[in-house]
Amino acid sequence: MKKKRHMALHILIIILLIAGMGLPVNSKVSYAESSTAPVVTHNVKLLITKENGFVHPGISIYPQRLIETRTQLIKGRQPWTAYYQAMASADYASKEFKAANLKAGTFDTPKNATFKNNSQEITLSADGFRAYTQAIMYYLTGDKKYRYNAIRLVRIWENMDPNQYAYYADSHIHVPVPFYYMVSAAELLKYTSVDDPIYNDPDSSDGDTQKVDLRWKSEDNQKLIKNLIDPTVNTFLTSNNKYLAQHLYSITGVFAGSIFKNDKTAYDRTVEWATVNATTDKPLINGSLANLFHKIDAKDPRNPVGQSYVQHLEMGRDENHAKDDVLCLIGIARILSQQETKVDPKKGTVSTKSNAQTPYRFLTNRLLAGAEQFYRYNRGYTVPWVKLKQDGGKTYPAWDANGTDKIIDFGDAISEDSRGRLGKLFSSSELYDAYRYGEHYSKTKLNKIAPNIVNAAEHLNAPIFYDGTTLTNFWGSYSDNKMTEIGAEYWLSIPKDKGYRLSEAVPTTQPKNANVSFAKRAVLLDTKRAKQIHTGSENYIRVRSAKNRSEIKETEYDKLYRKDKTTARGANQLALSSLVKDNGTSGYVALRIRSNAAAKLLISGSNDGAEPYQTAEIPDTHGKWINLIYSTRTDQIQSRSAKQSGYMDFYAVISDSEAKVDFDQLAYLNRTGGIQTSVPSIDETDGNTYYLVKNESFKKQLKTENTTGATFSLDNAPAGMSIDQSGQIEWKPTSETKKSVLVRIDNGTVVRTVRLTFNVVADREEAYHAIIKNFDSDQEYTTTSLKNVNDEQQKVRNLINSGDSDRFLSELQSLSEAIQNLELLNPKLSDGTLNYNAYASMTEGTAGSATINLQNLIDNDPATYDGNLLVPVIIDFGSSYRISAQSFAFEARTGFPNRLQGANVYGSNDKTSWTLLTEKETSQTNKMETVAVKDTLVDSTFRYLKIQVDNPGPDTDPMYPGISTRSEFHIFGTRHQVDLDQ
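This structure is a prediction, so every number in the text was calculated from the model and none was measured.

How each quantity is defined
For every chain, the first residue of its written sequence is number 1, and the numbers climb from 1 along that sequence. Per-residue local features of the predicted model are confined to residues with pLDDT of at least 70, and side-chain atom pairs are confined, for both listing and counting, to 80 or more; whole-chain, interface and lining totals are unaffected and use all residues. With hydrogens and water stripped out, all remaining heavy atoms of the structure feed into the side-chain values. Counting from the N terminus, the helices are DSSP H or I runs at least four residues long and the strands are E runs at least two residues long. Only C-alpha atoms enter the radius of gyration; for comparison, a globular chain is expected to reach 2.2 Å times N to the power 0.38, where N is the number of residues. Exposure categories follow from relative accessible area, calculated using a 1.4 Å probe and restricted to protein chains: below 20% of the type maximum is buried, above 50% is exposed, and the middle band is partly exposed. Any two residues having at least one pair of non-hydrogen atoms within 4.5 Å are treated as being in contact. Strand pairing is defined by DSSP finding a minimum of two bridges between the two strands. Note on terminology: a nonpolar core comprises buried Ala, Val, Leu, Ile, Met, Phe, Trp, Tyr and Cys residues joined through side-chain atoms within 4.5 Å. Axis angles are defined between N-to-C directions and span 0 to 180 degrees, where every axis is a line fitted to C-alpha atoms and, for a helix, only to the segment in contact. Of the two site types, the cavity is a set of points on a 1 Å grid over the protein atoms alone where a 1.4 Å probe fits but cannot get out, and the pocket is an open set with protein on both sides within 12 Å along at least five of seven lines, each lined by residues with an atom within 4 Å of a point. Grid points are joined across faces, edges and corners, and a volume is the space filled by probe spheres set on the points. Here the nonpolar group is Ala, Val, Leu, Ile, Met, Phe, Trp, Tyr, Cys and Pro; Asp, Glu, Lys and Arg are the charged ones; every other residue, Gly included, is treated as polar. The salt bridge criterion pairs a side-chain nitrogen of Lys or Arg with a carboxyl oxygen of Asp or Glu, the two atoms within 4 Å. What goes into a patch is any residue over 30% in relative accessible area without a salt bridge, connected to like charges within 9 Å or, for nonpolar side chains (Val, Leu, Ile, Met, Phe, Trp, Tyr), within 5 Å. Using a 1.4 Å probe, the Shrake-Rupley method yields the accessible areas, and only the shown protein chains count as cover for residues. In these notes the angle categories are as follows: under 35 degrees is roughly parallel, over 145 is roughly antiparallel, 65 to 115 is roughly perpendicular, and the rest is oblique. Left-handed describes a crossing in which the near helix is turned anticlockwise from the far one by less than a right angle; the clockwise case is right-handed. Each Phe, Tyr or Trp ring, with Trp reduced to its six-membered ring, pairs with another whose centre is within 6.5 Å; inter-plane angles below 30 degrees give stacked pairs, above 60 give edge-to-face pairs, and intermediate values give tilted ones. Only lysine NZ and arginine CZ atoms are considered, and such an atom sits over a ring when it is within 6 Å of the ring centre and within 35 degrees of the ring normal.

**Digging into the overall build of the protein chain**
Next up, step 1: Counting its secondary structure elements, the protein chain contains 21 helices and 37 strands.
Next up, step 2: Taken against the 2.2 N^0.38 rule, which gives 30 Å for 982 residues, the C-alpha radius of gyration of the protein chain at 32 Å falls within 12% of a compact globule.
Next up, step 3: Each principal axis of the C-alpha distribution contributes one length, and for the protein chain these read about 105 × 75 × 60 Å.
Next up, step 4: Counting the 982 residues in the protein chain, one finds 59% classified as buried.

This is how it looks when you write it as structure tokens:
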């Protein structure tokens, strides 16, 4: 046993990069020399105590489970050993004393004894999480240097000035978690034994090597409460009307303070705030479990599925904040369980009656139901959703937003913002364990009611894992410049029984690369066309192609919600989450796939049938695995209106034949943990058509980059067509035909493909007319693009009866491309308004104002917007164009009609002198609002349009005054060309 323990504790570990003030940023790790995690011993006793109804230590851990964890570590058992080794490798666990808030030359005097701005929450985070880690390391190892580090850090914060605390913007969000860890550290110090407590201070930097008493004293208790706990709770945290997750952050800190102080009154009140929060004056944005994980009634006419279900409200805002809710509620449930607290089954108040429930069973497993909806949607499945801003009649009225006391920014469609960002959430199975081992639900039952929670528990990350291409330590992973979530400490309370479940085993070694496994992270949306295959050492997803996207269904949703005839879903067989994309120059990924036939891969940002943002041609690999490239770069998205997610992709395999495509892994290219290789590129649009003439020789030198040493080949090429290793295609067709050919570039590591079509006609005249028929002469085009067509048309006409084949076919292709690149003078949106983002040339940006994504203003999605701006938006239509308008249509960002209230539109031709165009300013409304242009200005034309808030509505948060936002801005008007020579 000693030998096994010795081997288990002596592994290669990862050391965190250190950022300023001793706080590792994002818990990024780097390779270091092999070292050992400190030996775990039984030397320190956990002094479990019950006082005034409280269990101590019981803020952050189950005390009995912590004892068991140490026993498992001494025995060298998993998964505890892997978590311990990762934690011990973190900089937070370094035995070197570090303090962010220590005044130089002192032992425990704060560098800054005030708490009035957000810089102090960063220092509290650094010191709090380090103190907590050191306190844990002391209990596990018995090494007094850890206790010295921890108690000195706590004593620095005991000396804060209680009269120098002041609320500042968002302090109720960012202070609680660092505070929770500092107070939890103090509690562990208070309730752990220490023999020979007088310790020689090894730090001479304070000019004194005094002996330090490592015992927790009554003076420590009094000073911590007076100088840190009470002013923090009273200044920043005690409130029950904060917005959704903000409420949960606040009360997490209140729980820590009240437990440490044995304040039963504050604790009991906060329990009800966490469960129901009946006394809040802002019930619609109430962050309690009962409201946030909201029950939608089967009878609600807005309910598309005709059955009751739980809707996680903040998923209507964005998935990143929705994640915060899930983690907060899981952590709060653990705090209550550690305190052996049960609640009234309806009121949510603390109760000792026979019908009292654990926080997990409260409201029929509401916590599990809400978390399941979050995991399900973010893995790629569709979930039912009610737009609460819509009116459902007298019993189910609309949740109207005003942007101030009613910020219903979750009241419209479910949000795709940050969807799929699950990488870090696979670092813990806490919720699953609570129901499986705490509530003793069978796995069969959990699979029925929360299959995605089960899936996460069975596919956990190793304690050191890749989050995208960032090698990350679970210990402190939710940190940027401060700790943002609780939960990493759950490993100290993993139930003993979990260690015996092979299906729930935690990987114990660091992954070799950042590849994302389809078998582990993909979901099968159409189970009739996708299935998981496990054969020997291979575990992959096999997808059967469809002839078109309409054939592809989301089978599980259709099975669960047969009555739903309105929710858009389907069109993709697979979804893959937990990605972290690069949309810049490193934005390339490769799919390890194999196929038995050629197919087209459509890659989308959602599963509602939206247009794909990228396509890739899958070759027939004849059963061999290849790495097929596609781009995630913003500048290479195939359509200006297509959207991609930053964290997941949806895949549709389309083919006229019965293609079977196996998906193994997604690899990042030329990023940390990814494949390092040149990325071949080809300057051809997938599906390009070349018009050729029978019996005339065709030569085409493809424009490629990064192809040195690569092999060029053609799939499905007609007889006589060839490609050389420089990328030149040659062919002399002898008959009329239309042929689709796949060009493949293989550098031995990755494969790049593009499909080209060759349309062979009888003679040059026919080739010319075949192209010209694609030109719609009834449309009005921009002068520049139309001139290109006319010029190329004349060149081709001149060569029909003379000229060599190379020149004629080259000019013919130029004509084809010129017609494809024609730009309408007035492209329209579906509502008949001007599509001013149809082409890159439509505008010259947002001159003199913030840079914004104009597509967000015309996408008919009230969740997207132009930004939280403090300046007007000025749209420049360019020197060659002018705009006249009859009216403008505005729509506010969901939940914030106040931030568009009081807006007008102005016109200008010099960006100096502005003319007010609108008859009236916008009102405070959540509906699309059309405002007319003054009659006298309807025919006036302007180069610039400015949207300016002249009479703003009330600020959402007085701490952030003057913010304006627009979700939609539509122009009922006309674009005019200007002859600058006249």
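**Describing the side chain of Ser-337**
Next up, step 1: Relative to the assigned elements, Ser-337 resides in helix 12 (residues 319-338).
Next up, step 2: Residue contacts for Ser-337: discarding those within four places in its chain leaves Tyr-62, Pro-359 and Tyr-360.

**Quick notes on the sheet that holds strand 36 (residues 944-949)**
Next up, step 1: The strand order 31-36-33-34 describes an open sheet built from four strands, whose pairing is antiparallel. Because the sheet does not close on itself, it has two edges, and the strands there are strand 31 (873-876) and strand 34 (915-916).
Next up, step 2: Of the pairings in the sheet, the one linking strand 33 (residues 903-908) to strand 34 comprises two bridges and is antiparallel in character. Paired with Tyr-906 across the bridge in strand 34 is Leu-916.

**A closer look at the nonpolar core**
Side chains that are nonpolar tend, in soluble globular proteins, to be buried together.
Next up, step 1: By size, the foremost hydrophobic cluster in this structure holds 191 residues, and its most contacted members are Trp-491, Phe-663 and Leu-666.
Next up, step 2: With near-sequence residues (within four places) excluded, Leu-666 lies in contact with Asn-515, Val-516, Phe-518, Leu-576, Leu-579, Val-589, Ala-590, Leu-591, Tyr-630 and Tyr-651.
Next up, step 3: The next biggest cluster of nonpolar side chains, apart from the first, holds 39 residues, and it includes Leu-702, Met-721, Ile-772 and Ile-800.

**With respect to the sheet that holds strand 15 (residues 574-576)**
Next up, step 1: Spatial ordering of the open sheet is given by 12-15-20-17-18, a layout of five strands whose pairing is antiparallel. Across the chains shown, the open sheet's two edge strands, defined by having one partner strand only, are strand 12 (522-524) and strand 18 (614-618). Sheet twist, expressed as the mean angle between neighbouring strand axes with direction ignored, is 25°.
Next up, step 2: Sheet topology note: the strand 12/strand 15 ladder contains three bridges and is antiparallel. Residue pairing in the sheet places Leu-524 in a bridge with Leu-574 of strand 15.

**Some words on unusual backbone geometry**
Next up, step 1: For the bond from His-56 to Pro-57, the omega torsion is -10°, close enough to zero to count as cis.
Next up, step 2: With respect to the secondary-structure elements, Pro-57 resides in the loop between strand 4 (54-56) and helix 2 (63-74).
Next up, step 3: Here Gln-78 and Pro-79 are connected by a cis peptide whose omega angle stands at 5°.
Next up, step 4: Assignment of secondary structure puts Pro-79 in the loop between helix 2 and helix 3 (80-89).
Next up, step 5: Phi angles above zero are rare outside glycine, and Asn-52 is one such case at about 50°.

**Remarks on the layout of surface pockets**
Next up, step 1: What the second largest pocket holds in volume is close to 1,000 Å³.
Next up, step 2: Broken down by secondary-structure element, the contributors of at least two residues to the lining of the second largest pocket are strand 8 (309-312), helix 13 (362-379), helix 15 (443-449), helix 16 (451-457), helix 17 (518-521), strand 12 and helix 18 (555-560).
Next up, step 3: A total of ten residues in the lining of the second largest pocket trace back to one element, the largest contributor, which is helix 13.
Next up, step 4: Of the residues belonging to the lining of the second largest pocket, the class tally is 18 nonpolar, eleven polar and ten charged.

**Quick word on the pattern of salt bridges**
Next up, step 1: Counted according to the given criterion, the structure contains 46 salt bridges.
Next up, step 2: The shortest N-O distance in the salt bridge between Lys-217 and Asp-213 comes to 3.4 Å.
Next up, step 3: A relative accessible area of 35% places Lys-217 in the partly exposed class.
Next up, step 4: As a salt-bridge pair, Glu-489 and Arg-334 come within 3.1 Å of each other at their nearest N and O atoms.

**Details of the pairing of strand 23 (residues 689-693)**
Next up, step 1: Where burial is concerned, most of strand 23 is hidden: five out of the five residues are buried.
Next up, step 2: Here strand 23 shows two buried faces, one formed by Thr-689, Tyr-691 and Val-693 and the other by Tyr-690 and Leu-692.
Next up, step 3: Pairing between strand 23 and strand 30 (residues 751-761): five bridges, direction parallel. Along strand 30, the bridge assignment pairs Thr-689 with Thr-757.

**Thoughts on the environment of Asn-774**
Next up, step 1: Along the chain, the position of Asn-774 falls in the loop between helix 19 (764-772) and helix 20 (783-799).
Next up, step 2: Taking relative accessible area as the criterion, Asn-774 reaches 45% and is therefore assigned partly exposed.
Next up, step 3: A sequence separation of 428 residues divides Asn-774 from Lys-346, and the C-alpha atoms of the two residues are 67 Å apart.
Next up, step 4: Residues within four places of Asn-774 in sequence aside, it is in contact with Tyr-691 and Ile-819.

**With respect to a nonpolar patch on the surface**
Next up, step 1: Residues Tyr-167, Met-959 and Tyr-960 make up a contiguous nonpolar surface patch of about 270 Å² in total accessible area.
Next up, step 2: With respect to the helices and strands, the residue Met-959 is situated in the loop between strand 36 and strand 37 (968-977).

**Here's the deal with the environment of Ile-494**
Next up, step 1: Looking at the element boundaries, Ile-494 is found in the loop between strand 10 (470-473) and strand 11 (516-517).
Next up, step 2: We classify Ile-494 as buried; its relative accessible area is 5%.
Next up, step 3: Linking Ile-494 and Asp-433, residues 61 residues apart in sequence, is a C-alpha distance of 7.8 Å.
Next up, step 4: The residues touching Ile-494, leaving out its near neighbours within four places in the chain, are Thr-69, Pro-79, Trp-80 and Tyr-83.

**Some details on the pairing of strand 33**
Next up, step 1: A large share of strand 33 lies buried, amounting to six of its six residues.
Next up, step 2: A two-sided burial pattern is seen for strand 33, the buried positions comprising Ala-903, Val-905 and Gly-907 on one face and Asn-904, Tyr-906 and Ser-908 on the other.
Next up, step 3: In this structure, strand 33 lies alongside strand 36, joined through six bridges in antiparallel fashion. When the bridges of strand 36 are listed, Tyr-906 appears paired with Lys-946.
Next up, step 4: Between the antiparallel neighbours strand 33 and strand 34 lie six residues, among them Lys-911 with a positive phi of about 65°.

**What about the environment of Asp-861?**
Next up, step 1: Mapped onto the elements, Asp-861 comes out in the loop between helix 21 (805-820) and strand 31.
Next up, step 2: For the pair formed by Asp-861 and Leu-313, sequence separation is 548 residues and the distance between their alpha carbons is 18 Å.
Next up, step 3: In this structure Asp-861 touches Lys-643, Ser-967 and Glu-968, once residues within four positions along its chain are discounted.

**Here we look at the packing of helix 5 (residues 144-158) against helix 7 (residues 176-190)**
Next up, step 1: Orientation of helix 5 relative to helix 7, taken along the N-to-C sense of each, is 125°, at an axis distance of 10 Å. By the angle class used here, helix 5 and helix 7 are oblique. Where helix 5 crosses over helix 7, the two elements pack in a sense that is left-handed. Contacts between helix 5 and helix 7 involve Arg-147, Ala-150, Ile-151, Leu-153, Val-154 and Trp-157 from the first element and Met-182, Ala-185, Ala-186 and Leu-189 from the second.
Next up, step 2: Here the contact of helix 5 with helix 7 is built from residues that sort into nine nonpolar, no polar and one charged.

**Considering empty space enclosed by the protein**
Next up, step 1: Scanning all chains against the criterion turns up six cavities of 30 Å³ or more.
Next up, step 2: What the largest cavity holds in volume is close to 420 Å³.
Next up, step 3: Leu-327, Ser-427, Ser-428, Ser-429 and Gly-487 are the residues nearest the centre of the largest cavity, which is lined by 32 residues in total.
Next up, step 4: Only helix 12, helix 14 (430-438) and helix 16 provide two or more residues apiece to the lining of the largest cavity.

**Section: the packing of aromatic side chains**
Next up, step 1: The tally for this structure, following the rule as stated, stands at 40 aromatic pairs.
Next up, step 2: A centroid spacing of 6.3 Å and a plane angle of 15° characterise the contact between Tyr-132 and Trp-475, whose relative ring orientation is stacked. Residue Tyr-132 is found in helix 4 (residues 118-141), and its partner Trp-475 is found in the loop between strand 10 and strand 11; the two are separated by 343 residues along the sequence.
Next up, step 3: Of the residues examined, Tyr-132 reaches a relative accessible area of 0% and is grouped as buried.
Next up, step 4: Since its relative accessible area comes to 0%, Trp-475 is described here as buried.
Next up, step 5: Among the aromatic side chains, those forming a connected cluster through ring pairs are Tyr-83, Tyr-92, Phe-129, Tyr-132, Tyr-180, Tyr-181, Phe-474, Trp-475 and Trp-491.
Next up, step 6: Taking the ring centre of Phe-426 as reference, the NZ or CZ of Arg-521 above it sits at 3.6 Å.
Next up, step 7: Across from the ring centre of Phe-808, 4.5 Å away, lies the NZ or CZ of Arg-764, which sits over that ring.

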